[in-house]
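Observations on the three-dimensional arrangement
Residues per chain, in single letters:
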Amino acid sequence: DGPFEVPENIDLSLNAEAGRLHYDNLDLQNISGKLTISDQTVQLHNVKANGLDGALVIDGTYSTSEHGANPEIAFTYDVKGLDIQKTFFAFNTVRKLMPVAKYMAGNLDAHMTLNGRLHDDMTPDLQTLQGEGEVLLPAASLKDFGPLDKLSQSLDITELKDVPLKDVKADFSFKSGKVLVASFPVHANNM
């Protein structure tokens, strides 16, 4: 019941390695990194893992020092080669912030920084999240996406039903529950 409250009287630092970790919808392998706990804050330092068919590096904090019922979080992550579908289904936040990923196949590289708060059920409070990042799709495809299917049908352009995406780079930011994506070109089938 409620969020994990970081105790006040712990001052701990440890380096850790684990062969496998299963958490919720996520399976990770070859995990290593440093964890420190002090001042009611958990810090992750250079946590590396393999999962979702790619590699992840995460730094971040989780703190209940000021708002125990709504913990503060701050994270930076770099990921390489993650499977888009596996990532979509593993993270509720990806499903909410990037719903188009449901219709994508392929791999992605990404970098993101974010901070905000969690609800008392440990889900992100999307209204408090702020951050920015970039997503690179070295090779992916977009298929069975309703708006493009309708456009394909209306314009009689069958190439819009299954759009190959190569070297697509999108910069994004989010604030107050909104995701802002900077314009980016997509070249597909000579279009």
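The structure reproduced in this document is the subject of the present report. (Residues numbered from 1 in each chain as written. Predicted model: local features only at pLDDT ≥ 70, side-chain atom pairs only at ≥ 80, totals over all residues. Heavy atoms only, no water.)

Focus: the overall build of the protein chain
When its secondary structure is counted, the protein chain shows three helices and nine strands. Of the regular secondary structure in the protein chain, the N- to C-terminal order runs β-β-β-β-β-α-α-β-β-α-β-β. Counting over 191 residues, the protein chain shows a buried share of 30%. Pairs at least 24 residues apart make up 51% of the contacts formed inside the protein chain by residues separated by at least 6 positions. On the protein chain, roughly 11,700 Å² of surface is accessible, and the fraction owed to carbon and sulfur atoms is 52%. Within the protein chain, the 27 negative side-chain charges are centred at a point lying 6 Å from the centre of the 16 positive side-chain charges. (Helix = DSSP H or I, 4+ residues; strand = E, 2+ residues; numbered from the N terminus. Buried < 20%, exposed > 50% of the residue type's maximum accessible area, 1.4 Å probe, protein only. Contact = heavy atoms within 4.5 Å. Areas by Shrake-Rupley, 256 points an atom, 1.4 Å probe, with all protein chains shown as cover. Lys, Arg positive; Asp, Glu negative; His and termini not counted. Charge placed at Lys NZ, Arg CZ, Asp CG, Glu CD.)

Observations regarding the sheet that holds strand 7 (residues 130-143)
As a general point, the strands of a sheet are linked pairwise by backbone hydrogen bonds and lie either parallel or antiparallel. Pairing is antiparallel in the open sheet, where nine strands are placed in the order 1-2-3-4-5-6-7-8-9. Single-partner strands in this sheet number two, and they are strand 1 (12-23) and strand 9 (178-181). Direction aside, the axes of adjacent strands within the sheet are offset by 20 degrees on average. In this structure, strand 2 (residues 26-38) lies alongside strand 3 (residues 41-51), joined through eight bridges in antiparallel fashion. When the sheet's bridge partners are listed, Leu-28 is paired in strand 3 with Gly-51. (Pairing = 2+ DSSP bridges. Axes fitted to C-alpha atoms, helices over the stretch in contact; angles between N-to-C directions.)

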